[in-house]
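Residues per chain, in single letters:
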Amino acid sequence: MAAPSELNYKSLLNRRETERAIDLIKTRFPVMMSERLNLFKISCPLAIMDGTGINDDLNGIERPVRFPIKNQSDASAVVVQSLAKWKRWQLAELEASEGEGILTDMRALRPDEDYSPLHSLYVDQWDWEQKIAASHRNLEYLKTTVESIYGIFKELENSIHATFPDILPILPEQITFIQAEKLLQQYPGLTPKEREYQACKTFGAVFLIGIGDVLSNGEKHDGRAPDYDDWSSYNSEGHKGLNGDILVWNPLLENSFELSSMGIRVDAATLERQLKISGEEERKNLFFHKKLLNGELPQSIGGGIGQSRTCMFLLRKKHIGEVQSGIWPADEAKKCRDQGIDLMK
């Protein structure tokens, strides 16, 4: 039986208002990203050829969707999982200038995702990548970029409130930066997710720095593939990592809520080190990795921002199925009906 608080849920917007609000967010967000970070919009693939090293492994265990291509002798292609490495390759192909970048509307399938109020098989992201100077591979540049992106969330939240007055702004004025190692030291007896809960409940919005390498307790805060974010270099605060996640406090779910994962990308030396740490040195023979090790790809910073996640948070929805159509198992659909949640079909 659902808890009393679950039975009291009622969306602040009806279905038509929700669709209108989603369109507002998905129209304005990429325009604001382009203006703040000097990005230009490009097209992106839904699927790429397997075996190039371009598709992302995320935390290293998700299986991509594979299928044979009839007119290429059944050669295997894979549906993208994210576009971190592909974007960096495109920066080189498009001859982007320093400080200039690209933005794309990524669609993906992740069949290994577990159904939850935050996860479905379908992923939609604003994926972005900006060319930077080698001298900008530092924590200060990362923080400045995070603050620019957080400002967009703040501005959009105010726009939503102006259009739909029942949705009140809740984001704090500033985002708080926290090292994953320092958070561990503050809450040594808690799991990573429990530590994120405490940080977000305390500050409202945090950027958690340094995700992917082993912390002082011998465990990772979370997994990261070895070939896009730099999670092993020491930063100016004496901890490892030039990457992180934008997390906010979600009062409806009463939990931390990830909106974006991003970071300074690996250079050749960092790629070598992280492949060795991860036991993935054979990847050096793949198309993408050869290009990077040969100095053919630019230094960059980039990330992905969840479109449905952003809509879910800004519109005060309790389930991701309220802002995207999807495939829902019978038990998940029933659980939502019992809580008054109307899933999109």
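Now for a look at the structure at hand. A quick note: this is a predicted structure, and the numbers were derived from the prediction, not measured.

The next point concerns the nonpolar core. Core analysis: the largest hydrophobic core is formed by 54 residues, its most contacted members being M33, W128, I149, I246, M262 and L315. Counting residues per element, this core draws most heavily on helix α4 (residues 139–163), at 10 residues.

The strand order across the open sheet formed by 8 strands is β1-β5-β6-β11-β10-β9-β8-β7, and the pairing between neighbours is mixed. Unpaired on one side and paired on the other, β1 (39–41) and β7 (176–179) mark the two borders of the sheet. For this sheet, the mean angle separating the axes of adjacent strands, direction not counted, is 30°. Bridge count for strand β5 (residues 101–109) against strand β6 (residues 122–131) is 9 bridges, and the pairing is antiparallel. Opposite A108, over in β6, you have V123 as the bridge partner. Across the sheet, helix α6 (residues 192–203) is in contact with β7, β8 (205–209), β9 (243–250) and β10 (255–264); its angle to β9 comes to roughly 65°.

Right, let's get into the packing of aromatic side chains. Under the defined criterion, the tally for this structure stands at 6 aromatic pairs. Judged by centre distance (5.2 Å) and plane angle (80°), the rings of W89 and F287 are edge-to-face. Within this pair, whereas W89 is found in helix α3 (residues 84–93), its partner F287 is found in helix α8 (residues 287–293), the two being separated by 198 residues in sequence. The class of F287 is partly exposed, set by a relative accessible area of 34%. Relative to F207, the ring of F177 has its centre 6.0 Å away and its plane inclined at 70°; by these criteria the two rings are edge-to-face.

Next up on the list: the side chain of Q90. On the secondary structure map, Q90 appears in helix α3. Excluding residues within four positions of it along the chain, Q90 makes contact with I42 and I102.

Calculation rules
- Residues numbered from 1 in each chain as written.
- Predicted model: local features only at pLDDT ≥ 70, side-chain atom pairs only at ≥ 80, totals over all residues.
- Heavy atoms only, no water.
- Core = buried A, V, L, I, M, F, W, Y, C linked by side-chain atoms within 4.5 Å.
- Buried < 20%, exposed > 50% of the residue type's maximum accessible area, 1.4 Å probe, protein only.
- Helix = DSSP H or I, 4+ residues; strand = E, 2+ residues; numbered from the N terminus.
- Pairing = 2+ DSSP bridges.
- Axes fitted to C-alpha atoms, helices over the stretch in contact; angles between N-to-C directions.
- Contact = heavy atoms within 4.5 Å.
- Phe/Tyr/Trp six-rings, centres within 6.5 Å; stacked < 30°, edge-to-face > 60°.

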